[in-house]
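# Architecture and fold: a report
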Amino acid sequence: MRRNLVVVGHGPAAHRLTELLVERGAGWAITVLGEEPRPAYDRVALTSYLTGTGADELTYPVPEGVELLLGDPVTEIGRAARTVTTRGGRTLPYDALVLATGSSPFVPPVPGAEHAFVYRTLDDLDAIRAASAGARTGVVVGGGLLGLEAADALRSLGLETHIVEVAPWLMPRQVDEGGGAVLRRHVEGLGLTVHTGVPLAAVEPGRVTLADGTAIDAGVVVFSAGVRPRDELARAAGLDVGERGGIVVDAGMRTSDPAIYAIGECALAGGTVYGLVAPCFAMAEVAADRLCGGTAEFAGADLSTRLKLLGVDVAQFGAASGPLDVTFMDPVGGVYKRLFVSDDAQTLLGGILVGDAGPYSALRPFVGRPLAGTPTELLFGGTAALGGDLPDDAQVCSCNNVTAGRVREAIAGEGLTDVPGIKACTRAGATCGSCVPMLKRLLASSGVALGKAMCEHFDHSRAELFDIIRVRGIRTFSELISAHGRGRGCDVCKPAVASILASLGAGHILDGEQAALQDTNDHFLANIQRNGTYSIVPRIPGGEITPEKLIVIGEVARDFGLYTKITGGQRIDLFGARVEQLPVIWKRLVDAGFESGHAYGKALRTVKSCVGSTWCRYGVQDSVGLAIALELRYRGLRAPHKLKSAVSGCARECAEARGKDFGIIATEGGWNLYVGGNGGFQPRHADLLAADLRMDELIRAIDRFLMFYIRTADRLQRTSAWLESLDGGLGYLREVIIDDSLGIGADLDAAMERHVGSYQDEWAATLADPDKLRRFVSFVNAPGTPDPTIAFETERDQIKPVLITEIGARGGLEVTRA
Amino acid sequence: MTTGRPDVLEPGAVETARGWVPVCDYAALTPERGACVLVGPHQVALFRTFDGRVRAIGQLDPFSGAYVLSRGIVGSRGDRATVASPMHKQVFDLETGACLDDPRVRVPVYDARVRDGRVEVRVP
Ligand code: SRM
Ligand SMILES: Cc1cc2nc3c(=O)[nH]c(=O)nc-3n(C[C@H](O)[C@H](O)[C@H](O)COP(=O)(O)OP(=O)(O)OC[C@H]3O[C@@H](n4cnc5c(N)ncnc54)[C@H](O)[C@@H]3O)c2cc1C
Ligand code: SF4
Ligand code: FES
């Protein structure tokens, strides 16, 4: 008999619980009753919903076999009958009940509070977004972790934003006064106005008043003044609750009724209500184990936090005070760091980092352990070596409670070689991502050769070779391999070096020795097909094409008998041309004002567009015009992998720009630039790099983004994987590109100008050079003879390749078999 | 695995004494790149390797079934001169025809030499 497990509430804690139970095949019939109208989603990433992440992306997949009843809150627990009753009138029996009802935002009891919003659910955010559309100003009440996040969100919605905090400094629960002062300067630097040490007095439509009489214009008011555990059901059912709220549970997550468990933010475990997701997950793990007959115990949890706020780095871990401390403060640079250590200065107790949270992931696992260096060394670099020293039981990923030992075991046992592998296998790194640098160090220290060597011919990575070639002014592969490599190269290093030489402006890709480096596609300036013929994809910038040009493409395809198909990149692909036909076809196209395009080559493919403001009733900018300009600017740019782009004329995003390496979405005020998107094998939505750019700012940002990628990425690494592997991630990229933190901006700009200035149509240049044309024959000793093994059948009125070996198999031609 | 040659063509080229067939000027071959010649019914992939020698193997890529090996990238693996199939990158030893990624597969190897600036091949 399957026993009934009923779970009340479908948030992250409930999700983790059901996932674990299904994984273990625990034999429970699981029903989850949720109040929100949708399944559990990643609340930690809630704010990204305002900057474009879809609700679907945030939603967790529902484990198989779990029954969800959504939009119908539980209103009563019948402990005697072991049933729950919902507002909609359902009654469900349970053998075990888990309360995972989370928290609700605390609404301060001030007059007019009903005019304010809270910041907890997707519905809350929809309401805030709608209200912001007609507003100019916003006020966030509460200057803690969530308040700052909410304030930043209001700012990104275009509101002039104020923060009101009753404590004397921001984030009072995490940072001390010194850290608070540095933090305040950062927050003000973002354009937010901060009021500390004053309580809110009242809210009225359009404004708020503070206790000292200050009045602030406020089109939108958001309360973020803490949360309260949702223990109302438990309380009404007579379960023990804490004096200040929270359902009392023991170390096995059991409430005062042994058939009822409570997990997540609604639970009072060991006298504490935890407001972070990692302990909620840990509680779910304990409850899952107990429901499977285990004896796991919840041992309290780490309250380390790192602020995800745009551009401000804040982290706190371990204890917030200690007998001895080392403090560093640089008000000018906006950096404040403080470490707490035991009185013999031997053990790390905790720390606060503001302005530079770099050492966070390396230091956090050392809390409660002997120091591996002097505190000063630990605060300033010196942490790189720590990864190897970590004891097996030290927790590396606090979100998912994964230890260094578990990660090492997975690396060795599963033969893992990269961070995505570790994520998939252990979950480490899959939530907030702050432990990723640590995972890399563990990989390195486990002896995983982090594949720096490109192939047997070079010990260098692509980025290193790029620098060697650039700095030493190397112009040929021979020169490079004789000075910096060995052997004669291969299909890995030769095309990579060819691409680097091309990115550095080495002329036509078939000039001199370069010709020998190219992949067959680059060598013949077209894409090889399964039967050795080629395809031709004329460039159609932005996807815009005149009827005359459409007719030309049709005529060329008809005259050469080519298979014709509309591509996914807003172009038309012509398939089935033999090598000797390529130049003749290009000539026809060039004469009609086309150039052939890159569907081969690690280069820009297409810049797709939507129809934009010229025709579309919703468009706010000319997306087609921009797409054409971008495609013409970046065409021919050789890169570590192919590059794709798209421009949408408004937020409806019909061009799917967020699936591209660089995507642009029009706003009322200009253009939003998204980077690092990918379709293909591992889809990824692009991240917002900068908002509301003017055209010149946009072009400069893209120029720098592309050139920085070209210089530093690995061979065949799309921008998405490159961005994910970049130490410091999007924040770092933004600093390099927008703030020019490395001082290389002008250099990158100049490199792009060189590319734009020296662009040539590869196909037209080939047509003009008899030497290059000589290679376009099937047989050098019989230039007029086509390859007799190329054959076609007809399907849906067009040609389709048949391989000679296939014909042989059908008995049509004789084929010798060994 | 198919390694052979489709005997579907009329022999076209002129055979000289002892089976050596002149096929093209040595200068027509790009260093460290391949080209294909037709010798009778046989498609032969020629490669001018870094040491100035010319080597000849069958043009058929036994993995994909397409006649394309001359269009691959020439290089080395250890001390073997190689070509990688342009289709799916399997690497072949230009000396022996052996596939270095799959010991069960071998492509035919032909004799090739340079006489008075002309490349000659001998196909059995
Ligand atoms: C023709 C087309 C399919 C179609 O009929 O629609 C196509 C065809 C090819 N794609 Fe694609 N892709 C085509 C759109 C796409 C798209 C959609 C898009 O661009 O909006 C994607 C997903 C978007 C993306 O790239 O992020 C796409 C993801 C891929 C991938 C996977 C890339 C990845 O990051 O995982 C490959 C493999 C690769 O590049 O390594 C690939 C590789 C290829 C190659 C080059 C495979 C090859 O080496 O032979 C195909 C050769 C084209 C040819 O011979 O002419 N194609 N391919 C599309 C050409 C668009 C164009 O006009 O340029
Ligand atoms: C904007 C934001 C940012 C955050 N950022 C971070 C962060 O960076 N790091 C971090 O660690 N934590 C963060 N948190 C906190 C984190 O989201 C919570 O710790 C986590 O969501 C708690 O999970 P839970 O499942 O216990 O509760 P919840 O997520 O609150 O889910 C409980 C669910 O139960 C439902 N429910 C309640 N009562 C009933 C009922 N009677 N019947 C049916 N359903 C009911 C609720 O509607 C809700 O859907 C953030 C929270 C927010 C709002
Ligand atoms: S999806 Fe695969 S088969 Fe289809 S075009 Fe792209 S690469 Fe070729
Ligand atoms: S610490 Fe958050 S994902 Fe590892």
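Note that the structure is a prediction, hence the values are computed from the model and not measured.

### Here we look at the layout of surface pockets
- Volume-wise, the second largest pocket comes out at about 720 Å³.
- Of all the secondary-structure elements, those providing two or more residues to the lining of the second largest pocket are α15 (477-484), α17 (520-524) and α26 (770-773) of chain A together with β2 (33-39) of chain B.
- No other element matches the four residues that β2(B) contributes to the lining of the second largest pocket.
- For the lining of the second largest pocket, the residue count by class is 18 nonpolar, nine polar and 13 charged.

### Considering helix α3 (residues 122-133) of chain A
Residue and element names in this part refer to chain A.
- Taking 1.5 Å as the rise per residue, α3 with 12 residues should run 16 Å; its terminal C-alpha atoms sit 17 Å apart, in good agreement.
- Within α3, the full set of buried residues consists of Leu122, Asp124, Leu125, Ile128 and Ser132. Viewed end-on, α3 has its buried residues packed into an arc of 150 degrees, placing them on one side of the element. Pointing more than 90 degrees away from the buried face of α3 are the exposed residues Ala130 and Ala133.
- Check the buried side of α3 and you find it contacts α2 (55-58), β9 (117-118), α4 (145-156) and β16 (220-223).

### Some thoughts on the UniProt feature "binding site: [4Fe-4S] cluster" (unreviewed entry) in chain A
All names here are of chain A.
- Mapped onto the present numbering, the UniProt feature "binding site: [4Fe-4S] cluster" (unreviewed entry) falls on Cys610, Cys616, Cys650 and Cys654. Spatial clustering of the annotated residues is evident: they stretch over 45 residues in sequence, but the largest pairwise C-alpha distance comes to 10.9 Å.
- Since its relative accessible area comes to 13%, cysteine 610 is described here as buried.
- Leaving out residues up to four positions away in the same chain, cysteine 610 has contacts with Ser623, Val624, Val647, Ser648, Gly649, Cys654 and Ala655.
- Of the residues examined, cysteine 654 reaches a relative accessible area of 61% and is grouped as exposed.
- Once residues within four sequence positions are removed from consideration, cysteine 654 is found in contact with Cys610 and Ser648.

### Comments concerning helix α24 (residues 745-758) of chain A
Residue and element names in this part refer to chain A.
- The terminal C-alpha atoms of α24, which comprises 14 residues, lie 20 Å apart, in line with the 20 Å expected from a rise of 1.5 Å per residue.
- Taken as a whole, α24 has its buried residues at Gly745, Leu748, Asp749, Ala751, Met752 and His755. All buried residues of α24 project into a common sector of 160 degrees when viewed along the axis, lining one side. Along α24, the residues that are exposed and aim more than 90 degrees away from the buried face are Ala746, Arg754 and Gly757.
- Tucked into the core, α24 has its buried residues touching α20 (623-634) and α21 (695-712).

### Quick notes on the pattern of salt bridges
Residue and element names in this part refer to chain A.
- Under the criterion given, the structure shown has 63 salt bridges over all chains.
- Across the salt bridge formed by arginine 16 and glutamate 285, the nearest N and O atoms sit 3.2 Å from each other. Placement of the pair is arginine 16 in helix α1 (residues 12-24) and glutamate 285 in helix α7 (residues 277-291), with a sequence separation of 269 residues.
- Close ionic contact of glutamate 160 with arginine 136 constitutes a salt bridge, the shortest N to O distance being 3.4 Å. Note that glutamate 160 is positioned in strand β11 (residues 160-165) and arginine 136 in the loop between α3 and β10 (137-141), a separation of 24 residues in sequence.
- Judged by relative accessible area, which is 43%, glutamate 160 ranks as partly exposed.

### Focus: unusual backbone geometry
- The phi angle at A:Leu716 is positive, at roughly 55 degrees, despite the residue not being glycine.
- Residue position: A:Leu716 is located in the loop between α21 and α22 (719-725).
- By relative accessible area, which is 42% here, A:Leu716 ends up partly exposed.
- Positive phi, normally seen in glycine, also occurs at B:Asp116, with a value near 50 degrees.

### Regarding the sheet that holds strand β31 (residues 572-577) of chain A
All names here are of chain A.
- Taken in spatial order, the four strands make up an open sheet running β28-β29-β31-β30, and their pairing is antiparallel. Each having just a single partner strand, β28 (527-528) and β30 (563-566) make up the two edges of the open sheet.
- Sheet topology places β28 next to strand β29 (residues 534-536); two bridges connect them, and they run antiparallel. Bridged to isoleucine 528 within β29 is tyrosine 534.
- Against the sheet, helix α18 (residues 547-560) makes contact with β30 and β31, and its axis sits at roughly 15 degrees relative to β31, the strand it touches most.

Calculation criteria
Here the residue index of a chain counts from 1 through its sequence in written order. Chains carry letters from A onward and ligands carry numbers from 1 onward, assigned in written order. Predicted model: local features are reported for residues with pLDDT of at least 70 only, side-chain atom pairs are reported and counted for 80 or more only, and whole-chain, interface and lining totals are derived from all residues. The side-chain figures draw on all heavy atoms in the structure; neither hydrogens nor water molecules are used. Method remark: on a 1 Å grid restricted to protein atoms, a set of points is classed as a cavity if a 1.4 Å probe fits but cannot get out and as a pocket if it is open with protein on both sides within 12 Å along at least five of seven lines; lining residues have an atom within 4 Å of a point. Grid points are joined across faces, edges and corners, and a volume is the space filled by probe spheres set on the points. Secondary structure follows DSSP: runs of H or I at least 4 residues long count as helices, runs of E at least 2 residues long count as strands, and numbering of each begins at the N terminus. Residues are grouped as follows: Ala, Val, Leu, Ile, Met, Phe, Trp, Tyr, Cys and Pro are nonpolar; Asp, Glu, Lys and Arg are charged; every other residue, Gly included, is polar. What a helix should span is 1.5 Å times the count of its residues minus one. Exposure categories follow from relative accessible area, calculated using a 1.4 Å probe and restricted to protein chains: below 20% of the type maximum is buried, above 50% is exposed, and the middle band is partly exposed. Each direction from the helix axis to a C-beta atom contributes to the arc, which is the arc of those directions. In this description, contact between two residues means that some pair of their heavy atoms is separated by no more than 4.5 Å. UniProt positions are given in the numbering used here, feature names are shortened, and annotations may be inferred rather than shown by experiment. A carboxyl oxygen of Asp or Glu within 4 Å of a side-chain nitrogen of Lys or Arg is what we treat as a salt bridge. Between any two strands, pairing holds if DSSP finds at least two bridges. Interaxial angle, 0 to 180 degrees, is taken between N-to-C directions of lines fitted to C-alpha atoms, where a helix line uses only the stretch in contact.

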